[in-house]
There are 2 protein chains.
Amino acid sequence: MSNYHVAVVGATGAVGQQMLKTLEERDFPIGSLKLLSSKRSAGKIISFKGKEYTVEEATPEAFEGVQIALFSAGGSVSKALAPEAVKRGAIVVDNTSAFRMDSNVPLVVPEVNEKALTNHNGIIANPNCSTIQMVVALEPIREKYGLKKVVVSTYQAVSGAGLEAIEEMKQQTKDILEGNEFTPEILPVGGDKKHYQIAFNAIPQIDLFQDNGYTFEEMKMINETKKIMEMAGLEVAATCVRLPVETGHSESVYIETEKGGATVAELKELLATAPGVTLQDDPANQVYPLASECVGKNDVFVGRIRQDLDRDNGYHMWIVSDNLLKGAAWNSVQIAESLVKLDLLS
Amino acid sequence: MSNYHVAVVGATGAVGQQMLKTLEERDFPIGSLKLLSSKRSAGKIISFKGKEYTVEEATPEAFEGVQIALFSAGGSVSKALAPEAVKRGAIVVDNTSAFRMDSNVPLVVPEVNEKALTNHNGIIANPNCSTIQMVVALEPIREKYGLKKVVVSTYQAVSGAGLEAIEEMKQQTKDILEGNEFTPEILPVGGDKKHYQIAFNAIPQIDLFQDNGYTFEEMKMINETKKIMEMAGLEVAATCVRLPVETGHSESVYIETEKGGATVAELKELLATAPGVTLQDDPANQVYPLASECVGKNDVFVGRIRQDLDRDNGYHMWIVSDNLLKGAAWNSVQIAESLVKLDLLS
């Protein structure tokens, strides 16, 4: 097996740090490693496998000789630099929303559509965190029983909004407990006009609003799910909500299958052996997935699987995963591993 | 207008205290007031409209002469003492689940089914908090467009589990921020075997599990909604989740109407003038209901009303209310006011 020249773009961010940790843990075959960032963070020292690396500014030239570049530094950075990396021979795995809905760009969750990688044109998109964990849980059900409708309500952690959002949540929580005044400045969306209290609250806004009343986050879940599952006609609806949780997204999901008749026991059996899934479903012993328990783990946790009481083809479930790992860093590294396995890296 | 002999049972609890506050604010026509509690809390002094009252132990004899008794001291207290109060001539408004599904007991949300009060046999049940706020928002839609299906995912506050649960959440939050060890002892359910971290988490369990995989809280929402709306055939499904929020339940609700074709603008217009509802729905200006903003207010707040993108008769919305007020104390006092208005108090 060869070793590869790897670049991580956005190495100092919340997801970038998890990417490095994951590359290390997975012992990815790295020949050389470049850590890239904005000008502001360049010069920082980061250690990887016991060796120290100086973070360099991400410029077009920095990608010379790079074979695989993992991007997680915001959509505008990806738009500007991913094509430059590709021009220089790299394959880009992009964790932003910049190229996800581009018809020339595969949108990949390896457990679901690894084969889409073979059609890549240099850029491969990593889906939105809340989408990834849902499709990992739904794919085995789709494969066996067909899938007609999905209605999801999310319970999303603040780490999806970055390190500053985590800091805001913690400081605000402290302020409320101590009776201090505070002024929300980041959440729900750094770039939006108004900011609301996240501590001890639930905010039904993630990302900006579109004209149709849905947020971009909700439309990402809707559109990306259809693209990854290659089901343009799948009915998908989402309500995305930010919670005072540091890491770990939870989802309450209602589905209708094409073929009814699957028992809850059959769905449990199916998911117990599904790739990337850990079944945690034993209500009698209060076993169900919890955000607090998923942190640092790569799998998607599924539980509370129930038959809808009215529709024979309706089911409810609770899906939890570490949004920085399977939702971002782990799925990106997993795509890189798939590229190696399928011999798609030049 | 007469003045009435009123008793509040469970006067020292989280809901009991809100009941007294609400009776005071509404200037309910009280002739005499009795504050009752368990033996343990008897003897405490509580002030009401500037006058001090000594809490007495709730015994059968304590209800002599009482015309209306507001119960909120747990199901077993209601089961034992509500019939005793009725025997002595009182009308009971019971905030526990003890009698809610009893076919001889009206289950009332005044905005929805005030007329059911006329059939009472001494006991009137106050529905579950998460059910009340949902039916207040759905009733105007049902009335105009018919209602076929409801799928709700809840985001529920810990005050629904009592004052000790609030204390546990706050202490645990402090412990996590300060890096201290802690042992969960109450939530998700005081009477269940295992207890989990509520701080910075989302727990998909409220009340105990039934054999069908649903919790009692979820089955309450399902069964009570059908009873209040007098729609045995209504499809209702619920997933109930406890959050680290002190007060204010939020709900992500998907509905299908009988008649499709209502525009979002029409639904907003309908809800803007619906009794007990405040519409907060202006996504362009980030206006939507928030748990943190509903505390201390009697209304049910509705926003984020959207057309389902696949089904013409499908809609999504976000419903928030103070679970101690409209979810409990205010709805109970409102029932008492309806009894006065309809001349049903002897």
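Because the structure is predicted, anything quoted here is derived from the model rather than measured.

1. Brief notes about the relation of the copies chain B and chain A
Here is step 1: Structural alignment of chain B on chain A gives an RMSD of 0.0 Å, achieved by rotating through 180 degrees and translating 0.0 Å along the axis. Those values place the two copies in the arrangement expected of a two-fold rotation axis. When C-alpha distances to the rotation axis are compared across chain B, the minimum falls at S153(B), with a value of 3.3 Å.
Here is step 2: Here 100% of the interface residues in chain B have copies in chain A that are interface residues too; the copies meet face to matching face.

2. Considerations on the UniProt feature "active site" (unreviewed entry) in chain A
Residue and element names in this part refer to chain A.
Here is step 1: In the numbering adopted here, UniProt assigns the feature "active site" (unreviewed entry) to C129 and H249. In terms of the greatest pairwise C-alpha distance, the residues named above, spread along 121 residues, form a tight cluster of at most 8.3 Å across.
Here is step 2: Secondary-structure assignment places C129 in helix α4 (residues 129-145).
Here is step 3: Judged by relative accessible area, which is 14%, C129 ranks as buried.
Here is step 4: Setting aside residues up to four positions removed in sequence, C129 forms contacts with Q156, E217, H249, N323 and G327.
Here is step 5: Note that H249 resides in strand β11 (residues 249-256).
Here is step 6: Once you skip the residues sitting within four places of it in the chain, H249 turns out to touch C129, S130, Q133, Y155, Q156, A157, R242, I319, V320, S321 and N323.

3. Focus on the packing of aromatic side chains
Here is step 1: Across all of its chains, the model carries 13 aromatic pairs over all chains by this definition.
Here is step 2: Taking the centre distance of 5.6 Å and the plane angle of 70 degrees together, the rings of Y196(A) and Y288(B) count as edge-to-face. With one member in each of two chains, Y196(A) in the loop between α5 (163-178) and α6 (216-228) and Y288(B) in the loop between β12 (277-279) and α8 (291-294) form a pair that bridges those chains.
Here is step 3: Relative accessible area serves as the criterion here: at 18%, Y196(A) is assigned to the buried category.
Here is step 4: Arranged with centres 5.0 Å apart and planes meeting at 65 degrees, the rings of Y155(B) and W318(B) form a pair that is edge-to-face. Taken together, the residues Y155(B) in strand β9 (residues 149-155) and W318(B) in strand β14 (residues 314-321) connect sequence positions 163 residues apart.
Here is step 5: The buried category is assigned to Y155(B), whose relative accessible area is 1%.
Here is step 6: Here the aromatic cluster, defined as three or more aromatic residues joined through ring pairs, consists of Y155(A), W318(A), Y155(B) and W318(B).

4. Quick word on the packing of α4(A) against α6(A)
All names here are of chain A.
Here is step 1: Relative orientation of the contacting elements α4 and α6 amounts to 40 degrees, with a least axis distance of 9 Å. Viewed along their axes, α4 and α6 adopt a mutual orientation that is oblique. Both α4 and α6 take part in a crossing whose hand is right-handed. Across the interface between the two elements, C129, S130, T131, M134 and V135 of α4 pack against E217, K220, M221, E224, T225 and I228 of α6.
Here is step 2: Taken together, the residues of the contact of α4 with α6 sort by class into five nonpolar, three polar and three charged.

5. Describing the domain arrangement of chain A
Residue and element names in this part refer to chain A.
Here is step 1: Once the domains are mapped, chain A shows domain 1 (4-126 + 328-341) and domain 2 (131-322).
Here is step 2: For domain 1 versus domain 2, the distance between C-alpha centres works out to 25 Å.
Here is step 3: Taken together, the contacts link 17 residues of domain 1 with 14 residues of domain 2.
Here is step 4: At the junction of domain 1 and domain 2, the tally comes to two salt bridges.
Here is step 5: Residues R100 and E224 are paired through a salt bridge, measuring 3.1 Å at the closest nitrogen-oxygen approach.
Here is step 6: For the pair domain 1 and domain 2, the number of links is four residue pairs in polar contact (both at pLDDT 80 or more).
Here is step 7: Among the secondary structure elements, those contributing two or more residues to the side of domain 1 that touches domain 2 are α3 (110-113) and α9 (325-341).
Here is step 8: When residues of the side of domain 1 that touches domain 2 are assigned to their parent elements, the largest contribution, three residues, is made by α3.

6. Notes on the interface of chain B and chain A
Here is step 1: At the interface, 65 residues of chain B touch 65 residues of chain A.
Here is step 2: Of the roughly 5,400 Å² buried between chain B and chain A, counting both surfaces, carbon and sulfur atoms make up 56%.
Here is step 3: A per-residue breakdown of the area chain B buries against chain A is headed by F200(B), Q286(B) and R304(B), which together make up 12% of the total.
Here is step 4: Taken together, the connections running from chain B to chain A amount to 45 residue pairs in polar contact (both at pLDDT 80 or more).
Here is step 5: Those elements that place two or more of their residues in the side of chain B that touches chain A are β9, α5 (163-178), α6 (216-228), β10 (235-239), β11 (249-256), α8, β13 (300-307) and β14 of chain B.
Here is step 6: Here the side of chain B that touches chain A is composed, by residue class, of 32 nonpolar, 17 polar and 16 charged.

7. Notes on the sheet that holds β9(B)
Strand pairing in a sheet relies on backbone hydrogen bonds. The paired strands run either parallel or antiparallel.
All names here are of chain B.
Here is step 1: In space, the six strands of this open sheet follow the order β10-β9-β11-β14-β13-β12, with mixed pairing throughout. One side of each edge strand has no neighbouring strand; the edge strands of this open sheet are β10 and β12. Each strand axis lies, on average, 25 degrees off the axis of its neighbour in the sheet, ignoring direction.
Here is step 2: Taken together, the seven bridges between β9 and β11 define a ladder with antiparallel strand orientation. If you follow S153 over to β11, its bridge partner there is S252.
Here is step 3: α6 contacts β9, β10 and β11 of the sheet and is inclined by roughly 155 degrees relative to β10.

8. Things to note about the UniProt feature "binding site: NADP(+)" (unreviewed entry) in chain A
Residue and element names in this part refer to chain A.
Here is step 1: UniProt marks T12, G13, A14, V15, R40, S41, S159, G160 and N323 with the feature "binding site: NADP(+)" (unreviewed entry), using the numbering shown here. For the annotated residues, spread through 312 residues, the largest C-alpha to C-alpha distance comes to 25.8 Å, inconsistent with a single compact locus.
Here is step 2: Of note, T12 is situated in the loop between β1 (4-9) and α1 (14-25).
Here is step 3: Residue contacts for T12: discarding those within four places in its chain leaves Q17, S37, S41, K44, I46, V55 and L163.
Here is step 4: Here G13 lies in the loop between β1 and α1.
Here is step 5: Classification of G13 by relative accessible area gives partly exposed; the value is 24%.

9. Some details on unusual backbone geometry
Here is step 1: The omega torsion across L187(A) and P188(A) is 10 degrees, close enough to zero to call that bond cis.
Here is step 2: With respect to the element layout, P188(A) can be found in the loop between α5 and α6.
Here is step 3: Even without being a glycine, F200(B) presents a positive backbone phi close to 50 degrees.
Here is step 4: Checked against the element boundaries, F200(B) lands in the loop between α5 and α6.

Rules used in this analysis
Residues numbered from 1 in each chain as written. Chains lettered and ligands numbered in written order. Predicted model: local features only at pLDDT ≥ 70, side-chain atom pairs only at ≥ 80, totals over all residues. Heavy atoms only, no water. Least-squares fit on C-alpha atoms with pLDDT ≥ 70 in both. Contact = heavy atoms within 4.5 Å. UniProt positions renumbered as here; feature names shortened; annotations may be inferred. Helix = DSSP H or I, 4+ residues; strand = E, 2+ residues; numbered from the N terminus. Buried < 20%, exposed > 50% of the residue type's maximum accessible area, 1.4 Å probe, protein only. Phe/Tyr/Trp six-rings, centres within 6.5 Å; stacked < 30°, edge-to-face > 60°. Axes fitted to C-alpha atoms, helices over the stretch in contact; angles between N-to-C directions. Parallel < 35°, antiparallel > 145°, perpendicular 65-115°, else oblique. Left-handed = near helix turned anticlockwise from the far one by under 90°. Nonpolar A, V, L, I, M, F, W, Y, C, P; charged D, E, K, R; others polar. Domains from an automatic or database assignment. Salt bridge = Lys/Arg side-chain N within 4 Å of Asp/Glu carboxyl O. Polar contact = N/O pair within 3.5 Å; in protein donor to acceptor, adjacent residues only side chain to side chain. Buried area = accessible area lost by both parts, 1.4 Å probe. Pairing = 2+ DSSP bridges.

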